[in-house]
Amino acid sequence: MHNGMKGEFLMKVILIVLAFTAAVMLQDCGRTEMTQASQGREKKVKAKSNDLEIELTLESQKIRTANDFLATAKLTNRGAERMRLNTLFLGFAPILLKVQQIDGTPVKPTSPPFPPEDDGHEGRVYLKPNESVTFTYRGVDLFGDDLNDGKYQFRFVHENTDASKGDWTGSLTTDWLAFEVDSSYRDKEAQSNEVRGDPQS
């Protein structure tokens, strides 16, 4: 009887160790997938929910300062019927864009403007099938402080669960897009626009 209890105890210990090991392995796999997704060369990602498609585009993957950050979100009705979209908050980068360092450390955005009052009519846009509306997000509106040199990633997250006003409802979350801040970086376009001249004697 004593040996039987001892065997059961050992079996429970082994099961606990195996469960813990599996949990750690799954966590590591999740981190690996996040890192791999952020190391690509993609400048555009798409996501869709309840016939609303978003195409998130990054203007430049390498910038000098946080103020040089520029992204756009193109929202398209991919359904067969006209869509009523609540755009009251779709222009607020600090609310919609989630930014983090490449290791997963969150980057705190600046405080968003005071939210407008939703009367059920203000900010509504009607999209016909395959019709789009585009929003632009600037670094000056997104970041409260300048970013240190390094690699970062961001994604678009938006959810609307209120169906009482007849608006589109769903949850949009894109994959991560990567960018790098390099204070010594000078893009080719800026260099080509420089005016050079020889001093006159």
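Each remark here, short or long, concerns the structure printed above.
Per chain, the residues get numbers from 1 upward, laid out in the order the sequence is written. Local features are withheld for residues below a pLDDT of 70 in this predicted model, meaning they are given only at 70 or higher, and side-chain atom pairs are given and counted only at 80 or more; totals for whole chains, interfaces and linings count all residues. Excluding hydrogens and water, the side-chain values take into account all heavy atoms of the structure.

A. View of the overall build of the protein. Note on conventions: DSSP H or I runs of at least 4 residues are helices, E runs of at least 2 residues are strands, and numbering of each starts at the N terminus. Within the protein one finds four helices and eleven strands. Buried residues in the protein amount to 31% of all 201 residues. Whether two residues are in contact is decided by their heavy atoms, any of which lying within 4.5 Å being enough. Sequence-distant contacts in the protein: of pairs separated by 6 or more residues, those separated by 24 or more amount to 74%. Note on areas: Shrake-Rupley with a 1.4 Å probe; residue coverage comes only from the protein chains shown. Accessible surface, the protein as shown: approximately 13500 Å² in total, 51% of it carbon and sulfur. Burial classes: relative accessible area under 20% of the type maximum marks a residue as buried, over 50% as exposed, and values in between as partly exposed (1.4 Å probe, protein chains only).

B. Molecular detail of the pairing of strand E5 (residues 83-86). Where burial is concerned, the two faces of E5 agree: the one with Met83 and Leu85 and the one with Arg84 and Asn86 are both buried. Pairing geometry for E5 and strand E7 (residues 124-127), over four bridges, is antiparallel. For Leu85, the partnering residue across the bridge sits in E7 and is Val125. The pairing criterion is simple: DSSP has to find at least two bridges between the two strands.

C. Representation of the packing of aromatic side chains in the model. Two rings from Phe, Tyr or Trp (for Trp, the six-membered ring) form a pair when their centres are within 6.5 Å of each other. A pair whose planes differ by under 30 degrees is stacked, one over 60 is edge-to-face, and the rest are tilted. By the definition in use, this model includes six aromatic pairs. An angle of 15° between the planes, with centres 5.6 Å apart, marks the rings of Tyr152 and Phe179 as stacked. Taken together, the positions of Tyr152 in strand E9 (residues 150-160) and Phe179 in strand E11 (residues 177-181) put the pair 27 residues apart, joining distant regions of the chain. Classification of Tyr152 as buried rests on a relative accessible area of 5%.

D. Spatial organisation of the pattern of salt bridges. Just to be clear on terms, a salt bridge is a Lys or Arg side-chain nitrogen sitting within 4 Å of an Asp or Glu carboxyl oxygen. Counted according to the given criterion, the structure contains seven salt bridges. Of the charged contacts, one joins Arg124 and Asp118 as a salt bridge, the two residues approaching to 2.7 Å between their closest N and O atoms. Overall, Asp118 belongs to the partly exposed group, its relative accessible area being 31%. With its nearest N and O atoms 2.7 Å apart, the salt bridge here joins Arg124 to Asp167.

E. Here's a closer look at a negative patch on the surface. Only residues whose relative accessible area exceeds 30% and that take part in no salt bridge are eligible for patches, with like-charged residues grouped when within 9 Å of each other and nonpolar side chains (Val, Leu, Ile, Met, Phe, Trp, Tyr) grouped when within 5 Å. Only four residue types enter the tally: Lys and Arg on the positive side, Asp and Glu on the negative side; His and the chain ends are excluded. By convention, the charge on Lys lies at NZ, on Arg at CZ, on Asp at CG and on Glu at CD. There is a patch of like negative charges on the surface, built from Asp68, Asp145, Asp146, Asp149 and Asp187. Relative to the assigned elements, Asp187 resides in the loop between E11 and helix H4 (188-192).

F. Quick peek at the environment of Ser164. By secondary structure assignment, the location of Ser164 is in the loop between E9 and strand E10 (170-173). On the basis of relative accessibility, which here comes to 63%, the residue Ser164 falls in the exposed class. Residues Ser164 and Gly120 lie 44 residues apart in sequence; the distance between their C-alpha atoms is 9.2 Å. Under this definition, polar contacts are N or O atom pairs within 3.5 Å; protein pairs additionally need one hydrogen-donor-capable and one acceptor-capable atom, and for neighbouring residues in sequence, both atoms have to be side-chain atoms. Side-chain polar atoms of Ser164 contact the side chain of Asp162, separated by 2.6 Å.

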